[in-house]
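Chain by chain, the residues run as shown.
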Amino acid sequence: MRNSTRLLAPLVLAALPAFAPALSQAQEATGPKPPCGGDFGSWIEGVKAEAAAMGQAPATIDAFFSGVRPDPAVLRADRAQGVFQRDFVDFSRRLISQNRIDNGRANAERYDATFDRIEADYGVPRGVLLAFWAFETDYGAVQGDFNTVNALATLAHDCRRPELFRPQLLAAIELYAQGGIEPASTTGAWAGEIGQVQMLPEDILVNGVDGDGDGRVDLKNSPRDALLSGGKMLSHLGWRPNEPWLQEITLPESMDWSQTGLDTQKPVSEWQALGVSGRSGDLGRGDLPASVLLPMGKDGPAFLAYPNFRVYFEWNQSLVYVTTAAYFANRLEGAPIYDAGNPPPGLSGEEMVRLQEKLQARGHDVGGADGILGEMTRQAVQAEQQRLGLPADAWPTRALLDAL
């Protein structure tokens, strides 16, 4: 699990199958960039020296790195996350199949006692973890076949995000010292994530749980260990028990579209006063802060995003992924299929890059022209829509691109 444009785990790429790996709390690391690039062997010696300074035994360090080598396939995977350029309706329909729904419900029954324990200990509903379990590894079936240590070393050596991956490589040494991984044989996702819910070494060290009582944390082979560890991690990230996360809504025709988006929060009672209602079921508690989320603009699906929805971004920073995961959790908990509406076509990847370049030229920070509609791009789109007198629903269209 965790964050970046949280990467794609093996699956999402395929059914996308699940996706990219989750990046962890390390993603939020700040400060000077650690050493990276150059001769790989010399760089490894530097990592060994840092591990020794942290108290790792020389024999442990040497054994850990004895067979390490860079993996070009990891870098290719890191550069190929175009799946996030898909819009919410396309993306969610590709990921959410009847087979995944049926398997999710079967697993909910099979591990009923485990989910009861997770709900009691961490307050995380079963649908939330089932959705992550499905998207990350298809309920454990596709966990990735990249050598974990090689993957972490490759990404830590690469100068794109060493501040994220070097700490994970060092954490993997500690995990090895504890008997949690075997450098020669442990495999997982291309970004170094391990197990059925795809956790990075730092997250395993902090949140790993022995759910089946066999005396060790085995996230690859024990669904109970993996699910409880995932529940603990979500709790650690700020999950609020007994509160909703995402709910489909119906909006009034008089809606002020500039008030939509994750950067605007109002108490549920205020949204109700403005005419917002649940498409099925009542809205959450009146005092809960919430945002109106329109992943494809005013003519597409509409949701109310509660505080727990923001925890999803600690797992993965892609808006389309977290919205799909949160919605799938609802489906697994019995919610109906969303109303897709009739939104205007979105932009192609090439057009999105052009739009982002135009937004940057107008002084907006969109986080880079990568062709992916993230929250920073949506905020810039909404600002330009307001300036141009267009409905400010944050959905970029060709009309907006032409107007800019």
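Residues numbered from 1 in each chain as written. Predicted model: local features only at pLDDT ≥ 70, side-chain atom pairs only at ≥ 80, totals over all residues. Heavy atoms only, no water.

1. Overview of the overall build of the chain
For step 1, the next point in the chain: Helix and strand counts for the chain stand at 18 helices and seven strands.
For step 2, the next point in the chain: Taken against the 2.2 N^0.38 rule, which gives 22 Å for 404 residues, the C-alpha radius of gyration of the chain at 22 Å falls within 12% of a compact globule.
For step 3, the next point in the chain: Seen through its C-alpha atoms, the chain measures out along the principal axes to roughly 70 × 50 × 35 Å.
For step 4, the next point in the chain: Here the chain holds 404 residues, and 56% of them are scored as buried.
For step 5, the next point in the chain: Nonlocal contacts in the chain, meaning residues at least 24 apart in sequence, comprise 70% of its contacts between residues at least 6 apart.
For step 6, the next point in the chain: On the chain, roughly 15,800 Å² of surface is accessible, and the fraction owed to carbon and sulfur atoms is 47%.
For step 7, the next point in the chain: Here the chain holds 35 positive side-chain charges and 51 negative ones, and the gap between their average locations is 3 Å. (Helix = DSSP H or I, 4+ residues; strand = E, 2+ residues; numbered from the N terminus. Rg over C-alpha atoms; globule rule 2.2 N^0.38 Å. Buried < 20%, exposed > 50% of the residue type's maximum accessible area, 1.4 Å probe, protein only. Contact = heavy atoms within 4.5 Å. Areas by Shrake-Rupley, 256 points an atom, 1.4 Å probe, with all protein chains shown as cover. Lys, Arg positive; Asp, Glu negative; His and termini not counted. Charge placed at Lys NZ, Arg CZ, Asp CG, Glu CD.)

2. Topic: the packing of helix α8 (residues 126-137) against helix α12 (residues 223-236)
For step 1, the next point in the chain: Between α8 and α12, the least distance of the axes is 10 Å, while the angle of their chain directions is 115°. The chirality of how α8 crosses α12 is right-handed. Contacts between α8 and α12 involve Val 128, Leu 129, Phe 132 and Trp 133 on the former and, on the latter, Pro 223, Leu 227, Gly 230, Gly 231 and Leu 234.
For step 2, the next point in the chain: Of the residues contributing to the contact of α8 with α12, the split by class is seven nonpolar, two polar and no charged. (Axes fitted to C-alpha atoms, helices over the stretch in contact; angles between N-to-C directions. Left-handed = near helix turned anticlockwise from the far one by under 90°. Nonpolar A, V, L, I, M, F, W, Y, C, P; charged D, E, K, R; others polar.)

3. With respect to the side chain of Asp 71
For step 1, the next point in the chain: Within the secondary structure, Asp 71 sits in the loop between α3 (58-65) and α4 (72-78).
For step 2, the next point in the chain: A polar contact is formed between the side chain of Asp 71 and the backbone nitrogen of Ala 73, at a distance of 3.0 Å.
For step 3, the next point in the chain: The contacts of Asp 71, once residues within four sequence positions are left out, are Phe 146 and Thr 154. (Polar contact = N/O pair within 3.5 Å; in protein donor to acceptor, adjacent residues only side chain to side chain.)

4. Describing the pairing of strand β3 (residues 246-250)
For step 1, the next point in the chain: Here β3 lies mainly inside the structure; four of its five residues are buried.
For step 2, the next point in the chain: In this structure, β3 lies alongside strand β7 (residues 303-305), joined through three bridges in antiparallel fashion. Opposite Gln 247, over in β7, you have Leu 304 as the bridge partner. (Pairing = 2+ DSSP bridges.)

5. Describing the sheet that holds strand β5 (residues 277-278)
For step 1, the next point in the chain: The five strands lie next to each other as β4-β6-β7-β3-β5, forming an open sheet whose pairing is antiparallel. In this open sheet, the two edge strands, each paired with only one partner strand, are β4 (266-267) and β5.

6. A short note on unusual backbone geometry
For step 1, the next point in the chain: In this structure, Asn 242 takes a positive phi of about 60° despite not being glycine.
For step 2, the next point in the chain: Its location among the elements puts Asn 242 in the loop between α12 and β3.
For step 3, the next point in the chain: Backbone geometry at Ala 394 places phi at a positive 70°, although glycine is not the residue there.
For step 4, the next point in the chain: You can see Ala 394 is positioned in the loop between α17 (375-388) and α18 (398-403).
For step 5, the next point in the chain: You can call Ala 394 buried: its relative accessible area is 5%.

7. Some words on the pattern of salt bridges
For step 1, the next point in the chain: For the structure on display, the rule yields 24 salt bridges.
For step 2, the next point in the chain: Between Asp 158 and Arg 79 there is a salt bridge whose closest N-O contact spans 3.0 Å. One end of the pair, Asp 158, is in the loop between α9 (148-157) and α10 (162-177); the other, Arg 79, is in the loop between α4 and α5 (88-95), and 79 residues separate them in sequence.
For step 3, the next point in the chain: For Arg 79, a relative accessible area of 47% gives the class partly exposed.
For step 4, the next point in the chain: The partner of Arg 216 in a salt bridge is Asp 218, and the shortest N-O contact between them spans 3.3 Å.
For step 5, the next point in the chain: With relative accessibility at 11%, the residue Asp 218 sits in the buried group.
For step 6, the next point in the chain: One connected set of salt bridges, linked through shared partners, spans Asp 78, Arg 79, Asp 158, Arg 160 and Arg 161. (Salt bridge = Lys/Arg side-chain N within 4 Å of Asp/Glu carboxyl O.)

8. Considering the environment of Gly 46
For step 1, the next point in the chain: Looking at the secondary structure, you find Gly 46 in helix α2 (residues 40-53).
For step 2, the next point in the chain: Spatially, the C-alpha atoms of Gly 46 and Arg 160 are 18 Å apart, while their sequence positions differ by 114 residues.

9. Notes on the state of the cysteines
For step 1, the next point in the chain: Taken as a whole and assessed by the stated rule, the structure comprises one disulfide.
For step 2, the next point in the chain: Two residues share a disulfide in this structure: Cys 36 and Cys 159, whose sulfurs sit 2.1 Å from each other. Its S-S torsion of approximately 110° makes the covalent link between Cys 36 and Cys 159 right-handed. On the criterion of sequence distance, the pair formed by Cys 36 in the loop between α1 (10-14) and α2 and Cys 159 in the loop between α9 and α10 is long-range, its members being 123 residues apart.
For step 3, the next point in the chain: Classification of Cys 36 by relative accessible area gives partly exposed; the value is 23%. (Disulfide = S-S within 2.5 Å.)

10. Structural notes on the nonpolar core
For step 1, the next point in the chain: Within the largest apolar cluster, 99 residues are counted, with the highest numbers of intra-cluster contacts made by Phe 309 and Tyr 312.
For step 2, the next point in the chain: In this view, Phe 309 contacts Trp 245, Leu 246, Leu 262, Leu 293, Leu 319, Val 322, Thr 323 and Ala 326; residues no more than four positions away in its chain are not counted. (Core = buried A, V, L, I, M, F, W, Y, C linked by side-chain atoms within 4.5 Å.)

11. Quick look at α5
For step 1, the next point in the chain: Those residues of α5 lying buried are Phe 88, Val 89, Phe 91, Ser 92 and Leu 95. For α5, the arc enclosing every buried residue in end-on projection is 165°, short of the 170-degree limit, so these residues lie on one face.
For step 2, the next point in the chain: If you check the start of α5, you find a side-chain oxygen 3.2 Å away from the backbone N of Val 89, and it comes from Asp 87. (Arc of directions from axis to C-beta.)

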